[in-house]
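Chain and residue survey
Letter by letter, the chains look like this.
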Amino acid sequence: MDKVRAKKHLGQHFLTDESVAKRIADTLSLEGYKKVLEIGPGMGVLTKYLLDKPTETFVIEIDTESVDYLHGHYLKLHNHIFSQDFLKFDIVGAFKQEPFAVIGNYPYNISSQIVFKVLEIRDFVPEFSGMFQKEVAERICEKKGSKTYGILSVLTQAFYDTEYLFTVSEHVFNPPPKVKSGVMRMTRKADYSLPCSEKLFFTVVKTAFNQRRKTLRNSLKTFNLPEEIRAEEIFNLRPEQLDYTDFIALTKKIEAYGV
């Protein structure tokens, strides 16, 4: 098999620029772990550069045509290919709960879901990097006060330091997407535990941004908070005016009232 046919339903856009692939591979620091998992390798344009690094590279690919191509062209991947859906696969179990980095040129149609899955397994993922639709990469790294700042921004920044690294033109893909791409990196914080209920924190953030134009006093009405707490200054703000530390403080306030 000489090449893989890009499949629209899988959101496949194959990167053709080797220099961009190498830059993405070089976004990982390779500190504190020995394994790297690449999501959606396709024909291996990024994979080849990962295989040159002093780590053990694994790939996970849902497209059987791509899996066959990788088996035929990358002997180093023998027994290192998971022909699975990352969103449904128990990768932590497959790695026997050892830490691993996650990298990839992510399918745009499921990229946010991939980020949320990484957040769920963050105890095992010290680094996460790769290429997204530019707007998604920017949103992950955005700071408070902007229109693109939202749920993804707050939840990722609560556990990881995020960096937008560089923009990639649509012209270096086959077929070219209709949007530009952005490469970003997330490095897990040294202390990424929350001083509040994690479940409540996620609920507060999502509830607040589901009505982002309203003040917290109105968007968090479903919590049935007493008037004395709703009178506090923070409830006069809209969600995009709070960073993750503010949301943690807010969650602690709500938690104190037994919610």
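Because the structure is a prediction, the values reported are computed rather than measured.

1. Notes on the overall build of the protein chain
Of regular secondary structure, the protein chain possesses eleven helices and nine strands. Taking 18 Å as the expected radius of gyration for a compact globule of 259 residues, we find that the protein chain reaches 20 Å, a close match to that expectation. For the protein chain, the spread of C-alpha atoms along the three principal axes comes to 70 × 40 × 30 Å. Here the protein chain, with 259 residues, has 51% of them falling under the buried criterion.

2. A few points about the confidence of the model for the protein chain
Here the protein chain averages 93 in pLDDT, and 97% of its residues register 70 or above. Here strand 1 (residues 14–15) stands out as the least confident element of the protein chain, with mean pLDDT 78; helix 7 (residues 151–159) is the most confident, with 98.

3. Regarding helix 7
Counting buried positions along helix 7 gives eight out of nine residues, so the element sits mostly inside the fold. Those residues of helix 7 that sit buried are L152, S153, V154, L155, T156, Q157, A158 and F159. On its buried side, helix 7 packs onto helix 5 (111–120), helix 6 (134–141), strand 7 (160–168), strand 9 (181–188), helix 8 (198–210) and helix 11 (244–256).

4. Side note on the nonpolar core
Grouped together as the largest cluster of nonpolar side chains are 56 residues, with contacts concentrated most on I91, F128, F201, F247 and L250. When residues in this core are grouped by element, the largest group, seven residues, is from helix 8. Beyond its immediate chain neighbours, meaning those up to four positions away, L250 contacts V204, L216, L220, I234, F235 and L242. Grouped together as the second largest cluster of nonpolar side chains are 21 residues, A21, L28, I103 and Y108 included.

The rules behind the values
Residues numbered from 1 in each chain as written. Predicted model: local features only at pLDDT ≥ 70, side-chain atom pairs only at ≥ 80, totals over all residues. Heavy atoms only, no water. Helix = DSSP H or I, 4+ residues; strand = E, 2+ residues; numbered from the N terminus. Rg over C-alpha atoms; globule rule 2.2 N^0.38 Å. Buried < 20%, exposed > 50% of the residue type's maximum accessible area, 1.4 Å probe, protein only. pLDDT = per-residue confidence, 0-100. Contact = heavy atoms within 4.5 Å. Core = buried A, V, L, I, M, F, W, Y, C linked by side-chain atoms within 4.5 Å.

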